[in-house]
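# Reading the structure
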Amino acid sequence: MSRKKMKLEKISSNKVSGGIHYQYQHSSNTVNCTMQFAIFLPSCASNTHKVPVLYWLSGLTCSDENFMQKAGALHLAEKLGLAIVAADTSPRGEGVPDDKDSYDFGQGAGFYLNATEEPWNKHYHMYDYIVDELPLIIENNFPVSNKRSISGHSMGGHGALVIGLRNPQQYQSISAFSPITNPSDCPWGKKAFSHYLGSDEKEWRQYDASILLAQANTEIPILIHQGGSDSFLKEQLKPHVLLDAAKTNNYLLNYQEAPGYDHSYYFISSFIDEHLCFHDQFLKK
């Protein structure tokens, strides 16, 4: 992709915590539709002081707006001098295939993979969008450096783990809230993978964090928070599978279970400061 600036259309801008929160849309060559993202720039960001970036991936049914409005992250991001980019969760718009009867598949549920099955394979290349296209857009158009970390929630936690583990040279650190850790063997993952990737489960393995962690030969710092009262804990999230993979591979994994917390943004907002400080120490090394 060209290093020249891509045409962006500004949707909104709001001053918050001393910095500025922006929303933009652009025409994406990767997912073949118009995409939207949000970026928070701290007040210290300038062409002579480029700041590191935390990329945030949201969960099922979410968009770029959920994290920015509900997580309570921007005040500390301003203090740390950290930009935050929140991507959308899937391609959207007229002509993009969808399943109107399913909240966990289709638009809003891109699962951060590259679909190979029709009709999804024309648009659902969210893996390439997050790994390649979006960072180039951000680094070519805003006063940020190429120092990146990645985080996410639920489906987005799955995406953050998979993308970070597969591209350890591009990210300083990974974190996740309530991630889907073993999508090859849970209802959400099986539904998405079988439709997007087909019936060959060998193709699913490249998007399964537990399998990737068990095979990882480069260790990247990882922090995970999991609510102990999360209703999806046992059937969908299965953190014990990821913990077993880490133990098998002697991979140092910072996993913290928070008793009484659920799957919501109340949970995320309670621990987001720990995640920002975690990433900050590696982004500024």
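So, a few notes on the structure that sits alongside this text. All residue numbers refer to position in the chain's written sequence, counted from 1. Thresholds applied to this predicted model are a pLDDT of at least 70 for local features of residues and 80 or more for the giving and counting of side-chain atom pairs; totals over whole chains, interfaces and linings are not thresholded and use all residues. Side-chain metrics in this entry use all non-hydrogen atoms of the structure; hydrogen atoms and water are not considered.

The next point concerns helix H8 (residues 239–248). Three exposure classes are used, based on accessible area relative to the maximum for each residue type with a 1.4 Å probe and protein chains only: buried under 20%, partly exposed in between, and exposed over 50%. For the purposes of this entry, the term helix denotes a DSSP run of H or I that reaches at least four residues, the term strand denotes a run of E that reaches at least two, and both are numbered from the N terminus. The complete set of buried residues in H8 reads Pro239, Leu242, Ala245 and Ala246. On an axial view of H8, the arc spanned by its buried residues comes to 120 degrees, and they lie on one face. Exposed side chains of H8 directed beyond 90 degrees from the buried face belong to Lys247 and Thr248. The criterion used for residue contact is that any of the two residues' heavy atoms lie within 4.5 Å. Residues of H8 that are buried sit in contact with helix H4 (155–166), helix H6 (209–215), strand S8 (222–227), helix H7 (233–237) and strand S9 (254–258). Each C-beta atom gives one direction from the helix axis, and the arc is the one those directions make.

Moving on, we get to the sheet that holds strand S6 (residues 144–153). Pairing between the strands of a sheet comes from backbone hydrogen bonds, and it takes one of two forms, parallel or antiparallel. Pairing between strands is defined by DSSP: at least two bridges between the two strands are required. Strand order in this open sheet of nine strands is S1-S2-S3-S5-S4-S6-S7-S8-S9, and the pairing throughout is mixed. Looking along the sheet, the strands with just one partner apiece sit at the ends: strand S1 (9–16) and S9. Here the strands of the sheet are splayed against their neighbours by 20 degrees on average, with no regard to which way each runs. As paired elements, S6 and strand S7 (residues 174–177) share four bridges and run parallel to each other. Bridge pairing in S7 links Gly152 to Ala176. Under this scheme, a helix contributes an axis fitted over its contacting stretch, all axes are lines through C-alpha atoms, and angles between N-to-C directions fall in the 0 to 180 degree range. Contacts from helix H3 (residues 126–141) reach strand S2 (19–28), strand S3 (33–41), strand S4 (51–57), strand S5 (83–87) and S6 within the one sheet, and its direction differs from that of S6 by about 145 degrees. Across the sheet, helix H9 (residues 265–283) touches S4, S5, S6, S7, S8 and S9, and the angle it forms with S7 is around 175 degrees.

Turning our eyes to something else, we now look at the packing of aromatic side chains. Any two aromatic rings considered together are summarised by their centre-to-centre distance and by the angle between their planes. A pair of aromatic rings is counted whenever rings of Phe, Tyr or Trp (Trp by its six-membered ring) have centres within 6.5 Å, and the orientation is called stacked for planes under 30 degrees apart, edge-to-face for over 60 and tilted otherwise. Under the definition given, this model contains 20 aromatic pairs. Between Tyr24 and Phe142, the ring centres sit 5.4 Å apart and the planes meet at 65 degrees, which makes this aromatic pair edge-to-face. Taken together, the residues Tyr24 in strand S2 and Phe142 in the loop between H3 and S6 connect sequence positions 118 residues apart. The residues Tyr24 and Phe142 share a single accessibility class, namely buried. Geometrically, the ring pair formed by Tyr127 and Tyr207 is edge-to-face, given 6.0 Å between the ring centres and 75 degrees between the ring planes. Placement of Tyr127 in helix H3 and of Tyr207 in the loop between helix H5 (187–197) and H6 is noted, with a sequence separation of 80 residues between them. Grouping residues by exposure puts Tyr127 and Tyr207 together as buried.

This paragraph deals with the pattern of salt bridges. Counted as salt bridges are all cases of a side-chain nitrogen of Lys or Arg within 4 Å of a carboxyl oxygen of Asp or Glu. Under the counting rule described, the total for this entry stands at seven salt bridges. Here Asp98 ties to Lys100 by a salt bridge, and the two come within 3.6 Å at their closest N and O atoms. Lys190 serves as the salt-bridge partner of Asp185, at 3.5 Å between the closest nitrogen and oxygen. The structure contains a network of salt bridges with shared partners spanning Asp185, Lys190 and Lys238.

Phe111, Ile130 and Tyr196 are the most contacted members of the largest nonpolar core, which totals 68 residues. Throughout, nonpolar core names a set of buried Ala, Val, Leu, Ile, Met, Phe, Trp, Tyr and Cys residues whose side chains join them through atoms within 4.5 Å. Core analysis: the next-biggest nonpolar cluster, separate from the first, contains 24 residues, Phe67, Leu76, Phe177 and Ile268 among them.

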